[in-house]
Amino acid sequence: MPRPGNILVVNARDPEEVRIALLDQGEICDLRSGRPDSGSMVGNIYLGVVKQVEDSLDASFIDFGDRRAGFLHVGNVHPAYADPDANAMTATLTAIERNGPVVENDEAESAEAETKTEAEAEAEVVEVAAEVEFVEEEAEPKRISDLLKVGRHVVVQVIRDPVRGKGATLSTIISLAGFGLVWMPSLGRIGVSRRIEDSEERERLREILSELGAGAEVPVIARTAAAGEPKRVLQADMTRIQKRISNMVKTASVAQAPALLVEEETIVMRAIRELFHAGIETIRCDEATSHEAIAAFLERKAATERVELRLYEDEMPLFELLGLETNYQRLFRSRVPIGRGASIVIHPTEALTAIDVNSGRVEGTTLEETALETNLLAAKEVANQVRLRDLGGIIVVDFIDMRSPDNRRQVEEALREALQSDRARMKIGRIGSFGLFSFTRRRLGTGPARAADAMCRCCGGSGNFAHHSAGALRVLRRLRALSGAWQVRIRAQDGVIQQLRRHQIALQALPHKVEFVEDLQVPSGESVLEPITALAEVSDDR
């Protein structure tokens, strides 16, 4: 199944937030965003020290240089650490021995799909190593105290950033992702993504990887992005990964723990690595440094002729120009219109995410027909919102009740089909007798700031800081795009104004004089900017 999307839009001009969107027919079909000042550690590799071992939790706590100790579950500890004399880097580079037979067919290839590492992964750098599978006989689980002791050095990779007072989640089963390949030393052999369905292409990639390893079984997985790439492109990718490995080993040999060994790439390049595919025709970027990095990436991919790379330098924000900003702001709202007056309402809770389907003004000849038409509209948008918001855990969709089993199956199939383009790992159920459809999804860590992170004091819990922050950043972008120097009145919700005051330095750097007017009737993502008087005119009058 070809991947959707043919245009990549990179909004990296603003220091407060970076956004990369994949467009399909002018609509956002995939999204990556991040704030450079947030300092995400996902994908970074550290030399750490065991500070505490808790058999009651089957876990240990690792000092890896962050202000909070990282959490390392026993399932994410490499078996080689069972040898108390094993060096940390030696253990990390050791292949895990498999007790059971390896599956060799077109549906599953050797690698690690069901490991605890993948279960904990919320970032592409770890998740991508789970695109292939192995079969293994169950062994008696080891206790964390059998593997690690206080004071021991370990090489760990961050697979989840700290959240809500908890430290980062770590793993000693590491991986390094390139643009088409992933190095995973615990694998111990060549792997090919099971998402590459063409048997001839899979065999071609196996042969190339074998040649790159000079006949040896290199611990490398060919990602989905490797499909169709010539040998010279994969060779360059392998050389780049090997250079990073060499630097990591060299740094570890002289570093004093805790220490950073490998730092992940920038938000922009990580997103380009994840979203780029053979169907991309155009990339538009609004920041010169990122533009140069993307140009170098296209050159390594030998894609400079087929992909048009444009540097956007006009004043209007790129998302506003392309009509994407309104849809982006909807990601922070609970109610999302789906057409014909119908809508879905998304409410994340501690236990699950509930999604309700409202019929609105959708009209059919019968109640059953109205329910079916509305539910089919909702199925597509539910899949879209779940992917763009990067919702995780248990997700329950309350479809409008339908009596006909055929209609229920039709809605189930529509939602399953819409979820196929989602890279996240999911388990999908069926519509029950109460019209509830439930499924589980593992986060990739790619969405915007989650609404549940901090409740908004200004609206008593009905909104959130993420919503107000997004609205404030939109105001900043529009002020920067305003030519000349103006006295500007901004009508906005109090929460948006409070967020704007946090960007006081950025506001002072603008040539405009800004006054705020609280207006509860203005949606937080649609603040009103009213240029009152050109400041040059004020100076002339004086």
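Note that the structure is predicted; figures quoted are calculated from it, not measured. (Residues numbered from 1 in each chain as written. Predicted model: local features only at pLDDT ≥ 70, side-chain atom pairs only at ≥ 80, totals over all residues. Heavy atoms only, no water.)

Novice: Is there a simple way to explain the overall build of the chain in this structure?
Specialist: A count of helices and strands for the chain gives 16 helices and 24 strands. Going through the 542 residues of the chain one by one, you find that 49% of them count as buried. Relative to all contacts within the chain whose residues are 6 or more apart in sequence, the contacts with residues 24 or more apart total 69%. Carbon and sulfur atoms make up 48% of the accessible area of the chain, which amounts to about 25200 Å² in all. (Helix = DSSP H or I, 4+ residues; strand = E, 2+ residues; numbered from the N terminus. Buried < 20%, exposed > 50% of the residue type's maximum accessible area, 1.4 Å probe, protein only. Contact = heavy atoms within 4.5 Å. Areas by Shrake-Rupley, 256 points an atom, 1.4 Å probe, with all protein chains shown as cover.)

Novice: Help me understand the packing of aromatic side chains in this model?
Specialist: With the rule as written, the count across this model stands at eight aromatic pairs. Ring centres of Phe319 and Tyr328 lie 6.3 Å apart, and the angle between their planes is 90°; this geometry places the pair in the edge-to-face category. Comparing Phe319 with Tyr328 shows no difference in burial state: the two are buried. Measuring from centroid to centroid gives 5.5 Å for Tyr328 and Phe332, while their planes differ by 75°, and the two rings are edge-to-face. Exposure remark for Phe332: the relative accessible area of 8% places this residue in the buried category. Site record: aromatic cluster; members linked through ring pairs are Phe179, Phe276 and Phe297. Over the ring of Phe319 we find Arg19, and its NZ or CZ is 4.0 Å from the ring centre. Here Arg19 stacks its cationic end above the ring of Tyr328, 4.6 Å away from the centre of that ring. (Phe/Tyr/Trp six-rings, centres within 6.5 Å; stacked < 30°, edge-to-face > 60°. Lys NZ or Arg CZ within 6 Å of the ring centre and 35° of its normal.)

Novice: Help me understand the sheet that holds strand 17 (residues 342-348), please; the structure alone is not making it clear to me.
Specialist: Strand pairing in a sheet relies on backbone hydrogen bonds, with the paired strands running either antiparallel or parallel. On the basis of which strands lie adjacent, the open sheet formed by six strands has the order 16-17-18-19-21-20 and mixed pairing. Looking at which strands have only one partner, the edges of the open sheet turn out to be strand 16 (335-339) and strand 20 (426-431). Within this sheet the neighbouring strands show an average axis-to-axis angle of 15°, counted without direction. Relative to strand 17, strand 16 is paired through four bridges, and the arrangement is antiparallel. When the sheet's bridge partners are listed, Pro337 is paired in strand 17 with Ser343. Contacting strand 16, strand 17, strand 18 (352-358), strand 19 (393-398) and strand 21 (436-441), helix 11 (residues 367-389) runs over the sheet at an angle of about 135° to strand 16. Contacting strand 20 and strand 21, helix 12 (residues 405-419) runs over the sheet at an angle of about 165° to strand 20. (Pairing = 2+ DSSP bridges. Axes fitted to C-alpha atoms, helices over the stretch in contact; angles between N-to-C directions.)

Novice: Looking at this structure, I do not really get the sheet that holds strand 10 (residues 181-183). What am I missing?
Specialist: With mixed pairing, four strands are arranged side by side in an open sheet as 9-10-12-11. Strand pairing shows two members of the sheet lacking a second neighbour, strand 9 (176-177) and strand 11 (191-192), which therefore form its edges. Of the pairings in the sheet, the one linking strand 11 to strand 12 (residues 220-222) comprises two bridges and is parallel in character. Bridging from a neighbouring strand, Gly191 pairs with Ile221 of strand 12. In the packing of helix 6 (residues 231-254) onto the sheet, the strands contacted are strand 9, strand 10 and strand 12, and the crossing angle to strand 10 comes to about 25°.

Novice: Help me understand the environment of Val154 in this model?
Specialist: Mapped onto the fold, Val154 is located in strand 7 (residues 153-160). Val154 sits in the buried class, given a relative accessible area of 0%. Between the alpha carbons of Val154 and His78 there is a distance of 9.9 Å; along the sequence they are 76 residues apart. Excluding anything up to four places from it in sequence, Val154 contacts Tyr46, Leu47, Gly48, Val50, Ile62, Tyr81, Ala88 and Leu148.

Novice: Would you mind showing me how to read the side chain of Arg477 here?
Specialist: Relative to the elements of secondary structure, Arg477 occurs in helix 13 (residues 465-481). The class for Arg477 is buried, based on a relative accessible area of 4%. Not counting the four nearest positions on each side in its chain, Arg477 is found in contact with Asn11, Asp14, Glu17, Arg19, Pro317 and Glu325.

Novice: Is there a simple way to think about the pairing of strand 6 (residues 70-73) in this case?
Specialist: On a regular strand, one side chain projects to one face of the sheet and the next to the other, so that they alternate. Only one face of strand 6 is covered, namely the one carrying Gly70 and Leu72; the face carrying Phe71 and His73 has none of its residues buried. As paired elements, strand 5 (residues 59-63) and strand 6 share four bridges and run antiparallel to each other. Bridge assignment links Phe61 to a residue of strand 6, and that residue is Phe71. Remark: six residues form the turn of the hairpin made by strand 5 and strand 6, two consecutive strands paired antiparallel; Gly65 in that turn has positive phi of roughly 110°. Two strands pair when backbone bridges link them, and strand 6 and strand 8 (residues 169-171) are joined in this way by two bridges, in the parallel orientation.

Novice: What's the story with the confidence of the model for the chain in this structure? I'm lost.
Specialist: Reading fine detail from the predicted coordinates is not recommended where pLDDT is low. The predicted model of the chain has a mean per-residue pLDDT of 82, with 84% of residues at 70 or higher. Low confidence marks residues 100-138, where pLDDT is under 50. Its contacts with residues over four positions away, or in another chain, come to 122 contacts. Predicted confidence for residues 538-542 stays below pLDDT 50, and this span has one contact to residues more than four positions away or in other chains. (pLDDT = per-residue confidence, 0-100.)

Novice: In this structure, what is going on with the packing of helix 11 against helix 12? I would like to understand it.
Specialist: Packed helix pairs are specified by the crossing angle of their axes together with the interaxial distance, meaning the distance between the axes. Two elements in contact, helix 11 and helix 12, have axes whose closest approach is 9 Å; the angle formed by their N-to-C orientations is 20°. In terms of their interaxial angle, helix 11 and helix 12 are classed as roughly parallel. Handedness of the helix 11/helix 12 crossing: right-handed. Contacts between helix 11 and helix 12 involve Glu368, Leu372, Asn375, Leu376, Ala379, Lys380, Val382, Ala383 and Arg387 on the former and, on the latter, Asn407, Gln410, Val411, Ala414, Leu415, Ala418 and Leu419. Looking at the contact of helix 11 with helix 12 residue by residue, the classes come out as ten nonpolar, three polar and three charged. (Parallel < 35°, antiparallel > 145°, perpendicular 65-115°, else oblique. Left-handed = near helix turned anticlockwise from the far one by under 90°. Nonpolar A, V, L, I, M, F, W, Y, C, P; charged D, E, K, R; others polar.)

Novice: How should the environment of Leu57 be read in this particular structure?
Specialist: Summarising the element assignment, Leu57 is placed in the loop between strand 4 (45-54) and strand 5. Judged by its relative accessible area of 46%, Leu57 falls in the partly exposed class. Distance in space between the C-alpha atoms of Leu57 and Ile144 is 8.8 Å, their sequence separation being 87 residues.

Novice: Could you clarify how one ought to interpret the pattern of salt bridges in this entry?
Specialist: A side chain with one charge can pair with a side chain of the opposite charge if their charged atoms come near. Tallied over the full model, the rule gives 28 salt bridges. Arg206 is the salt-bridge partner of Glu203, the closest N and O atoms lying 2.7 Å from each other. With Glu203 and Arg206 both in helix 5 (residues 199-212) and three residues apart, the pair spans about one turn of that helix. Ionic pairing is found between Arg310 and Glu308, a salt bridge with its closest N-O pair at 2.9 Å. For Arg310, a relative accessible area of 36% corresponds to the partly exposed category. (Salt bridge = Lys/Arg side-chain N within 4 Å of Asp/Glu carboxyl O.)

Novice: In this structure, what is going on with the nonpolar core? I would like to understand it.
Specialist: Grouped burial of nonpolar side chains is what soluble globular proteins tend to show. Counting 51 residues, the largest nonpolar core has Leu148 and Leu261 as the members making the most contacts within it. For this core, the leading source of residues is helix 6, giving six residues. If we ignore the near neighbours within four places in the chain, the residues touching Leu148 are Val50, Val53, Ser60, Leu72, Val77, Tyr81 and Val154. Ranked by size, the runner-up nonpolar core spans 26 residues in total, among them Ile344, Ala378, Ala379 and Ala383. (Core = buried A, V, L, I, M, F, W, Y, C linked by side-chain atoms within 4.5 Å.)

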